[in-house]
Amino acid sequence: MKHIAKIAAFTAIFLIINLILCGFMPPDNGSSLDMWRSYHQKQSIDIAVIGSSLASCALPEEELAAATGETVALMATNAQSLDMSQIALETLLREHSPRYVILVMDLTNMTGKPYAKAQKAFLYAELQTDSWKDKPADLLRYMTSRDNFTGADSLNALFPWQSGSWPTDWPATIQQKWNAVLNRLPHRRGAAHAQPEDTAVINFDTVGAVNTWNQNAHDFSAQHIEELTSMLQLCQENGTRLLLISAPKTTLDVVSYETYFDDYAYFKQLAAEYGASYYDFNLAKPELFENKEPDYHKDFTHMNAAGGHAFSLSMAKFLAMLDAGQDVESLFETPSEYLAAVNYITNVYLTPEVHPDKILLLAGSYHGPSVQAEYEFWVKAPGESEYSRVSAYSTRSWTEYPAAEHGTYQFRVNARIVGSSADFERYYECSVDF
Amino acid sequence: MEIYSLSFFLLVSVGLILYYTVFSRCQWICLLGLSLLFFTASGWKGLVFLLFTALTIWLGGLQLAKLDADSAARRKAPGITKDEKKAIKAQSVRRKKCLVAAVLTANFLVLGYFKYWSYFAELLSGAFSATAPSSLGLVMPLGISFYTFQAVGYLIDCYRGRHPAEKNYVRFLLFISFFPQLIQGPINRYGEMAPQLTARHIWNWERTKRALFLFLFGAMKKYAIANLTAPTIAAILDGNDPKLAGSMALLAILLYSLQQYADFSGGIDMVLGVAQLYGIEMMPNFRQPYFSTSLGDFWRRWHISLGAWMRDYLFYPFALTKPMQRFGKWATSHCGKHFGRVLPAAVANLLVFAVVGIWHGPQAHYLVWGLYNGLVIALADLLEPAFKKLNTALHIPTESRGWHVFRIVRTFIIVNIGWYFDRNEFVQGCIYLRSTFTDFNLSALAANAPGAFKAVSGPAWGLVIISTLLVFAHSVLKEQGRDPYAEVQRLPLALRWVLYYLVIFMVLLSFICVNETVGFLYANF
């Protein structure tokens, strides 16, 4: 009896310490919590949009709901990986029978390495916002899932405070948690998806070489292919209509991605294997969606508020056409039609290389295959107020600048289509310390 | 299946309940079931190879016993002459040797295939890559090195007549597959394990507490030290920077010495604790190795079961072969008694440590590391008289505490030089070692170490420091011949529980400091 009492007391204190830690960690400010709270507030869901920030920017929940007149659940968070989307989809199909599930593809999700802590935070956010009667079953399901049962996550699921980061400002964290508790009280509960207005517009003359291709690995990992296939299979088994889509992005992000249309063909084939459909809205014809650049984009891959509004209207129209059984394939260009229409330079970039006695200027640009670009290089040496030309327009994309003195040099490259009479069509500036 | 997982927890806890209740009269069957379940969780295909090893070795043992019995019966036949008896015995020895050689070759070929085939297939520009394990959908069976060595030890002990052959294949299979030892050893001996595995064990509260204490201590070492130092070590060394400052390389190697010990000994403590829960005492594998006073002493304290295995089944058999005995005689007559005794041992040591190196992996740096250890031990033995004379000439008080501490520090340095080649590819190891001595650059440490430490987040380094202090205290107590568990039990209840909660929560907190957990360094061996 003494032993049993000791064990009980030891366990009770252990649980109390865990509860105290839950009060401090993780900080209650994750977008996952907002998303799941909003999800759990809905009694029924007609349309679900799943994905990463590409999804939440392209199809904001309130916009799509207003455009379609239906209940929309946006199950998308920043950097949401495919396995997190899989968790979202499994929960959605277990609890609801949506008419459409729109999975917004993010090429980063097919190539990137999973970030374990983000996945845990996502799951714990779901458990945290679950109703009390569903929590035990959901927790057990997670602990015994194929991916977790034989790993550390199966036990760590019992300690939700592990999912966050160690707080660096304890008073602020405690205040935040207290505010979150107050906000969860019924009379304080408001709209969970309070998305800030995003009116930024991309400037193609400053974006440089920043694009999805340059920032990520390129080969699809077997794990991510399996995750995507599992989602396709799940929807097929449930009889749920799944739309796999690529949301509109800037033309530069399409033409700069070297395997874009190989991946496009792959997604089309994969979706078809599981009775789903893949639509790339970058190929949408103007009568379906006119992708206005730069107005609709805040960066090379994300839509801004205006873009989200316009695309939501377009998506509502598209879904109505699908419901009516209309032919939607004719509303999309083929890859070659798309590329033929990119008869301009989307942007130019400059990559200087510093050598002991000179600066090598390497330029490049993104454009359609029918376009040939030419480049003109300018320099503003230290102390000078005006640019002076280094080399005149030519199709050679590099030049050398024999730097004479140490200091900060400003370089500019102008680009235009060969044969154009414009002074320049795109430019890019950068500075180099020599 | 990781040790820290729901599946392992359920396996052990449900197993314990069944072991002490339903299977109380045939506990070994329960252990076998648990072991096979644990093994197949890592892939059922590996079971074929485990069963192959168990069957061939078991049959080999039985056949050895049969040969002995036949030989004995024939030598007792009436009217047999002395010369005939000798011939019968010689024939029996020859047959036994052939049998042992055949069985060992078969099993080492399987081990070699899984450990080395892919590496050499790649070196041959993929000529044989179609037959590599991965190409055939085969994963290295869990603990293949450990259970193969364990089985081989059994067979050789049967050959030497140390114990009778096991007649029950299923009981023998349990000895090979006993699940706590599968992950990373220790390499147990049949004579010590078999009686325990088949004996009846009654549940004991004190033994359970000890086992849980050991398990928790091991978990602290693995998760709150090893897992938290690994990312920083990788951040410093895995960039293969030829210009890495010597101070940074040294920092990484010192951390690696901590990580290696914490990872391996932590894992061993955890499995020893699990085995203890079932009343099975496996052989200890570590004995405060960083308190060693020589490299030879280090290898009697580090991975003890492997060292003992190498000593009993490679070192002595090799050193006692006729050629080595002739070599010893030659050395005595040409170089004196000391060299006559030590030179054969030195050669045997080089062989043993070459094998130890290769056992770690086929890459050149492992062989270099192994040979380095063998060479240092060999030289220490060869130069022992010279060192004694030097100590006397310099009036060094060799019995003093200061000298003892000096030897510990000296050994630590020698071991860490070896780690340069254990952790890094050969060329990189050379570059890092050279820069440690020729380009130390202390200011680079101040500039770069903080960035490297950020490879882990939160209270990681606080956890590492506290855990390391606890490990140090534990080691000091053991070195003094005291029982750390008993010392902790002497503390007041409240203080004891504070210590337990501290260790438990350090383990749990460690998971928030890293993006992903890593397995044991010596798993997949």
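Residues numbered from 1 in each chain as written. Chains lettered and ligands numbered in written order. Predicted model: local features only at pLDDT ≥ 70, side-chain atom pairs only at ≥ 80, totals over all residues. Heavy atoms only, no water.

- Within an unreviewed UniProt entry, the label attached to chain B reads D-alanyl-lipoteichoic acid acyltransferase DltB, MBOAT superfamily, and the organism entered is Gemmiger formicilis.
- In its Subcellular location (unreviewed entry) section, UniProt records this for chain B: "Cell membrane".
- If you open the UniProt record of chain B and go to Sequence similarities (unreviewed entry), you find "Belongs to the membrane-bound acyltransferase family." (UniProt positions renumbered as here; feature names shortened; annotations may be inferred.)

- As named in an unreviewed UniProt entry, chain A is SGNH/GDSL hydrolase family protein, taken from Gemmiger formicilis.

1. Regarding the sheet that holds strand S7 (residues 359–367) of chain A
Residue and element names in this part refer to chain A.
Move 1: Taken together, the 3 strands give an open sheet; going across it, the order is S6-S7-S10, and neighbouring strands pair in antiparallel fashion. Bordering the open sheet on either side are strand S6 (345–354) and strand S10 (398–401), each of which pairs with just one other strand. Neighbour to neighbour, the strand axes of the sheet diverge by 20 degrees on average, direction disregarded.
Move 2: Note: S6 against S7, 9 bridges, orientation antiparallel. Residue pairing for S7: Leu350 is matched across the bridge by Ala363. (Pairing = 2+ DSSP bridges. Helix = DSSP H or I, 4+ residues; strand = E, 2+ residues; numbered from the N terminus. Axes fitted to C-alpha atoms, helices over the stretch in contact; angles between N-to-C directions.)

2. Side note on the packing of aromatic side chains
What describes a pair of aromatic rings is the distance from one ring centre to the other and the angle between the planes of the rings.
Move 1: One pass over the structure, following the stated rule, counts 86 aromatic pairs over all chains.
Move 2: Seen from their ring centres, Trp161(A) and Phe505(B) are 6.3 Å apart, and the 35 degrees between their planes marks the pair as tilted. Note that Trp161(A) is positioned in the loop between helix H9 (153–156) and helix H10 (170–183) and Phe505(B) in helix H21 (residues 493–510), a pairing that runs across two chains.
Move 3: With relative accessibility at 8%, the residue Phe505(B) sits in the buried group.
Move 4: The ring of Phe424(A) has Arg412(A) sitting right over it, with the charged end atom 4.7 Å from the ring centre.
Move 5: In this arrangement the basic side chain of Lys96(B) is found over the ring face of Tyr159(B), its NZ or CZ atom lying 5.1 Å from the centre. (Phe/Tyr/Trp six-rings, centres within 6.5 Å; stacked < 30°, edge-to-face > 60°. Buried < 20%, exposed > 50% of the residue type's maximum accessible area, 1.4 Å probe, protein only. Lys NZ or Arg CZ within 6 Å of the ring centre and 35° of its normal.)

3. Things to note about the pairing of S10(A)
Each regular strand shows side chains that alternate between the opposite faces of the sheet.
All names here are of chain A.
Move 1: Burial along S10 is one-sided: the face carrying Thr399 and Tyr401 is buried and the face carrying Trp398 and Glu400 is not.
Move 2: Here 4 bridges tie S7 to S10, and the two strands are oriented antiparallel to one another. Bridging from a neighbouring strand, Leu362 pairs with Trp398 of S10.

4. Things to note about the environment of Lys221(B)
Residues and elements named next belong to chain B.
Move 1: Inspection of the secondary structure assignment puts Lys221 in helix H8 (residues 205–237).
Move 2: Lys221 has contacts with Ala226, Tyr261, Ala262, Ser265, Gly266, Asp269 and Val471, leaving out every residue within four places of it along the chain.
Move 3: At 3.0 Å, the side chain of Lys221 and the side chain of Ser265 are in polar contact. (Contact = heavy atoms within 4.5 Å. Polar contact = N/O pair within 3.5 Å; in protein donor to acceptor, adjacent residues only side chain to side chain.)

5. Some remarks on the domain arrangement of chain A
All names here are of chain A.
Move 1: Taken domain by domain, chain A consists of domain 1 (27–129 + 165–336) and domain 2 (345–433).
Move 2: Put simply, the middle of domain 1 and the middle of domain 2, counted by C-alpha atoms, are 37 Å apart.
Move 3: Across the boundary between the two partners, domain 1 contributes 12 residues, which contact 9 residues of domain 2.
Move 4: Applying the counting rule to domain 1 against domain 2 returns 1 salt bridge.
Move 5: The residue Arg426 makes a salt bridge to Asp205 at a minimum N-O spacing of 3.8 Å.
Move 6: At the surface where domain 1 touches domain 2, the tally comes to 4 residue pairs in polar contact (both at pLDDT 80 or more).
Move 7: Looking at the side of domain 1 that touches domain 2 element by element, the count peaks at 3 residues for helix H13 (residues 251–255).
Move 8: When grouped by side-chain class, the residues that make up the side of domain 1 that touches domain 2 number 5 nonpolar, 6 polar and 1 charged. (Domains from an automatic or database assignment. Salt bridge = Lys/Arg side-chain N within 4 Å of Asp/Glu carboxyl O. Nonpolar A, V, L, I, M, F, W, Y, C, P; charged D, E, K, R; others polar.)

6. Looking at the interface of chain A and chain B
Move 1: Every contact between the two is made by 31 residues of chain A and, on the other side, 26 residues of chain B.
Move 2: Interface area, chain A with chain B, both sides summed: about 2500 Å², of which 74% is carbon and sulfur.
Move 3: When the buried area of chain A at its contact with chain B is split by residue, Phe10(A), Leu155(A) and Trp166(A) rank highest and sum to 23% of it.
Move 4: Summed over the shared surface of chain A and chain B, the result is 0 salt bridges.
Move 5: On inspection of chain A and its partner chain B, the count reaches 8 residue pairs in polar contact (both at pLDDT 80 or more).
Move 6: Broken down by secondary-structure element, the contributors of at least two residues to the side of chain A that touches chain B are helix H1 (2–24), helix H7 (116–129) and H9 of chain A.
Move 7: With 10 residues, the single largest contributor to the side of chain A that touches chain B is H1(A).
Move 8: Among the residues forming the side of chain A that touches chain B, the class breakdown is 18 nonpolar, 9 polar and 4 charged. (Buried area = accessible area lost by both parts, 1.4 Å probe.)

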